[in-house]
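# Chain and residue survey
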Amino acid sequence: MDVDTRLLRYFVAVAEEGSITRAAERLYVSQPALTKQIKHLEAQLGARLFTRSKAGTTLTEPGRVLAERAPRLLADLGRALQEVKAAVGREERVLRVGYLASAANESTRPIVEEFTRRRPDWRVAMRQAAWSDPTAGLAAGDVDVALVRLPFPGQEHLRVDVLLTEPRWVALPVDHRLAGRETIAFEELLDEPFVAAPAETGAWRDFWLAADARGGRPARIGAVVDQPDDWLSAIDQGQGIALAPESAARFYGRPGIVYRPVTGIEPTRVGVARTPAADTDPAVRDFVRCCTHIRDADTVSPTPGSSRWTSRWAR
């Protein structure tokens, strides 16, 4: 019998979380899609794997048997595939670097240049990820290392070095009632519709809705998007406003959109992330060293008002 490893991963997530809802957030999929895939696996095996109730999801006896063995099978397969991909990268001398939006802002280029200086016979392949994958490809094993925005779901399972911190601003249509303000208090935005990331991104979406600063009030969602261009279009068309890094004003300027500082919310952080297994990869280690070297040296001269790479901010 051939069983899709993707189905096994879904099964393990539900077994570990004890909840379809939490497992869907962890896997970045919708609850209906995850439920459908679990039923598909049960049909393939001819066994009921879970008992579902209002209290949650519990394993049946066949489910417990599979839960004992599946994680080790997936871990062994994952390590094998990562080793193969790493071997291909070493053979071709290509480092795959995932990133979101503007990556590490103005410091992305110096990082790549420093890596190329250290390894002149290597090439860096930058791969932009959609917002539905805040790990920028690490979770799926599509990249060797990634420049990510913290916090994101699953970061506790990765190695992450914080590189920079910058304030969160708000992106508004140019004709918005608050667009003329120099600074805006977040409490003035509580009733505004927001342009949000997909719900399955969990903590990532909550952070960019500033859920912790809402006093328990749910956010109004005006649009759900997965790409920067769609995000800009939704704001420009008046579907909602959105929190953004201060640097978005430089990297994602558009005539119909203005960016303003926001008070009352925590800043955002950028980090370089990799899997624990990648710590043994010399090229990945070199890339991380390049990131922290640029951070600690503070070699980038930012534009007026922009964030700097300083050790005191990378806490």
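Just so it is clear, the model here is predicted, and its values are computed rather than measured. (Residues numbered from 1 in each chain as written. Predicted model: local features only at pLDDT ≥ 70, side-chain atom pairs only at ≥ 80, totals over all residues. Heavy atoms only, no water.)

Of all hydrophobic cores here, the largest spans 49 residues; its most connected members are Val170, Phe186, Leu189, Val195, Trp231, Leu243 and Tyr259. Mapped onto this core, the elements with two or more residues apiece are strand E5 (145-150), strand E7 (168-173), strand E9 (193-196), helix H6 (203-208), helix H7 (228-236), strand E11 (242-245) and strand E12 (257-263). With residues near it in sequence (within four places) discarded, Leu243 still touches Arg168, Trp169, Val170, Phe186, Phe194, Trp208, Leu209, Ala210, Trp231, Val262 and Ile265. Membership of the second largest hydrophobic core comes to 23 residues, among which are Tyr99, Ala103, Ile111 and Ile294. (Core = buried A, V, L, I, M, F, W, Y, C linked by side-chain atoms within 4.5 Å. Buried < 20%, exposed > 50% of the residue type's maximum accessible area, 1.4 Å probe, protein only. Helix = DSSP H or I, 4+ residues; strand = E, 2+ residues; numbered from the N terminus. Contact = heavy atoms within 4.5 Å.)

Turning next to empty space enclosed by the protein. Scanning all chains against the criterion turns up 3 cavities of 30 Å³ or more. Approximately 320 Å³ is the volume found for the largest cavity. Together, 21 residues line the largest cavity, and Trp131, Trp204, Trp208, Leu243 and Pro245 are the ones closest to its centre. Mapped onto the lining of the largest cavity, the elements with two or more residues apiece are E9, H6 and E11. (1 Å grid on protein atoms, 1.4 Å probe; cavity = no way out; pocket = protein on both sides within 12 Å on 5 of 7 lines; lining within 4 Å. Points joined across faces, edges and corners; volume = space filled by probe spheres on them.)

So, about the pairing of strand E2 (residues 56-59). Strand direction decides the pairing type here: strand E1 (residues 50-53) and E2, joined by 4 bridges, are antiparallel. Bridge pairing links Arg52 to Thr57 in E2. The hairpin turn running from E1 into E2, its antiparallel successor, is 2 residues long. (Pairing = 2+ DSSP bridges.)

Time to look at the sheet that holds strand E4 (residues 123-128). In spatial order, the strands read E4-E3-E5-E13-E6; together these 5 strands make up an open sheet with mixed pairing. Edge positions in the sheet fall to E4 and strand E6 (159-166), since each has one partner strand and no second. Averaged over all neighbouring strand pairs, the angle between strand axes comes to 25 degrees, with direction disregarded. Set on the sheet, helix H5 (residues 108-118) makes contact with strand E3 (94-99), E4 and E5; between it and E4 the angle comes to about 150 degrees. Its contacts with the sheet put helix H9 (residues 282-297) on E3, E5, E6 and strand E13 (268-274), and the angle it makes with E6 is roughly 25 degrees. (Axes fitted to C-alpha atoms, helices over the stretch in contact; angles between N-to-C directions.)

Spatially, 4 strands are ordered E8-E12-E7-E11 in an open sheet, and the strand pairing comes out mixed. Both outer strands of the open sheet, strand E8 (184-185) and E11, are each paired with one neighbouring strand and no more. Strands in contact with H7 are E7, E11 and E12; relative to E12, the strand with the most contacts, it is inclined by about 90 degrees.

Before going further, it helps to spend a moment on the environment of Gly63. Looking at the element boundaries, Gly63 is found in helix H4 (residues 61-92). Residues within four places of Gly63 in sequence aside, it is in contact with Phe11, Arg48 and Leu49.

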